[in-house]
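# Overview (structure and organization)
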Amino acid sequence: GENVGLHLPTLSVQEGDNSIINCAYSNSASDYFIWYKQESGKGPQFIIDIRSNMDKRQGQRVTVLLNKTVKHLSLQIAATQPGDSAVYFCAEIHWGGTASKLTFGTGTRLQVTL
Amino acid sequence: EADIYQTPRYLVIGTGKKITLECSQTMGHDKMYWYQQDPGMELHLIHYSYGVNSTEKGDLSSESTVSRIRTEHFPLTLESARPSHTSQYLCASSEGQGVNGYTFGSGTRLTVV
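Note that the coordinates shown come from a computational prediction; the quantities given were computed from them, not determined experimentally. (Residues numbered from 1 in each chain as written. Chains lettered and ligands numbered in written order. Predicted model: local features only at pLDDT ≥ 70, side-chain atom pairs only at ≥ 80, totals over all residues. Heavy atoms only, no water.)

### A few points about the pattern of salt bridges
- Taken as a whole, this structure holds six salt bridges over all chains when the rule is applied.
- Across the salt bridge formed by glutamate 39 of chain A and lysine 42 of chain A, the nearest N and O atoms sit 3.8 Å from each other.
- The class for glutamate 39 of chain A is partly exposed, based on a relative accessible area of 24%.
- Between glutamate 79 of chain B and lysine 18 of chain B there is a salt bridge whose closest N-O contact spans 3.9 Å. Of this pair, glutamate 79 of chain B sits in the loop between strand 8 (76–78) and strand 9 (87–94) while lysine 18 of chain B sits in the loop between strand 2 (10–13) and strand 3 (19–25), placing them 61 residues apart in sequence.
- Relative accessible area serves as the criterion here: at 49%, glutamate 79 of chain B is assigned to the partly exposed category.
- On the accessibility criterion, lysine 18 of chain B (54% relative accessible area) is exposed. (Salt bridge = Lys/Arg side-chain N within 4 Å of Asp/Glu carboxyl O. Buried < 20%, exposed > 50% of the residue type's maximum accessible area, 1.4 Å probe, protein only. Helix = DSSP H or I, 4+ residues; strand = E, 2+ residues; numbered from the N terminus.)

In structure tokens, the structure reads:
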């Protein structure tokens, strides 16, 4: 079936450097994509979203890029901080009626080294 | 500040016991979800509800059951807990088609011994 997956299970980045977390998705009909951050012992928290009619969206220190041609989503974190250490999930949804639900990827653990 | 609450946060229980994990949200969201997540792993949808008296099974088969008698409340029950049920259970809610994504609770970490 359709799935959303992440390329790398763990990413180590030095404090102050930029981080790039990647996500591949297979449902070309996906309408909406979200990045979540999950810290240890907590539930996932919304970071940033992007609709399928966009290719880039920026937030505070974060940017999401969407390449529909190759079905690829990325999350860029500028000037990575220790507080950014967490597992990051991408998720996608196709709004095809009341049965629409988010599909989550496997997750990437971001480790920020000092 | 999360408006979706899960209790208990941690639970250690013996095999064969019946347990209910509580989830409540104050946002008036019509849709609610239960996910099961092993540490550092992906989230698996086990149950969801699109409104009062509506419940559906998710993508991952689960021996748990849910009910939705009130909009704000979506408890999950295991009639007879087993060690294989040891996991983290996350509750979430969304408005409409999930336009703004899902809001997650902090989770219940269940250990069955």
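Now that the structure has been shown, we can carry on.
### Digging into the interface of chain A and chain B
- Taken residue by residue, the interface counts 24 residues in chain A and 22 residues in chain B.
- Across the interface of chain A and chain B, roughly 1,800 Å² is buried in total on both sides, 51% from carbon and sulfur atoms.
- Broken down residue by residue, the surface that chain A buries against chain B is led by Pro44, Lys101 and Phe104 of chain A, which jointly contribute 28%.
- At the junction of chain A and chain B, the tally comes to zero salt bridges.
- Run the count over chain A and chain B and you get four residue pairs in polar contact (both at pLDDT 80 or more).
- Here the element with the most residues in the side of chain A that touches chain B is strand 4 (residues 32–38) of chain A; it accounts for four residues. (Contact = heavy atoms within 4.5 Å. Buried area = accessible area lost by both parts, 1.4 Å probe. Polar contact = N/O pair within 3.5 Å; in protein donor to acceptor, adjacent residues only side chain to side chain.)

### Regarding the sheet that holds strand 8 of chain B
All names here are of chain B.
- If you trace the four strands from one edge of the open sheet to the other, you get 1-3-8-7, paired in antiparallel fashion. Looking at strand neighbours, the two that pair on one side only are strand 1 (4–7) and strand 7 (65–66), the edges of this open sheet.
- In this sheet, strand 8 lies alongside strand 3 in antiparallel orientation, the contact comprising three bridges. Bridging across to strand 8, isoleucine 19 finds its partner in leucine 78. (Pairing = 2+ DSSP bridges.)

### Here's the deal with the packing of aromatic side chains
- A complete count under the given rule lists 10 aromatic pairs over all chains for this structure.
- Taking 4.7 Å as the distance between ring centres and 55° as the angle between the ring planes, the aromatic pair formed by tyrosine 25 of chain A and phenylalanine 33 of chain A counts as tilted.
- With a relative accessible area of 7%, tyrosine 25 of chain A lands in the buried category.
- Looking at phenylalanine 33 of chain A, the relative accessible area reads 3%, which means it is buried.
- Ring centres 5.4 Å apart and planes at 85° place the aromatic pair phenylalanine 104 of chain A and tyrosine 35 of chain B in the edge-to-face group. Here tyrosine 35 of chain B lies in strand 4 (residues 31–37) and phenylalanine 104 of chain A lies in strand 10 (residues 103–104), a pairing that spans two chains. (Phe/Tyr/Trp six-rings, centres within 6.5 Å; stacked < 30°, edge-to-face > 60°.)

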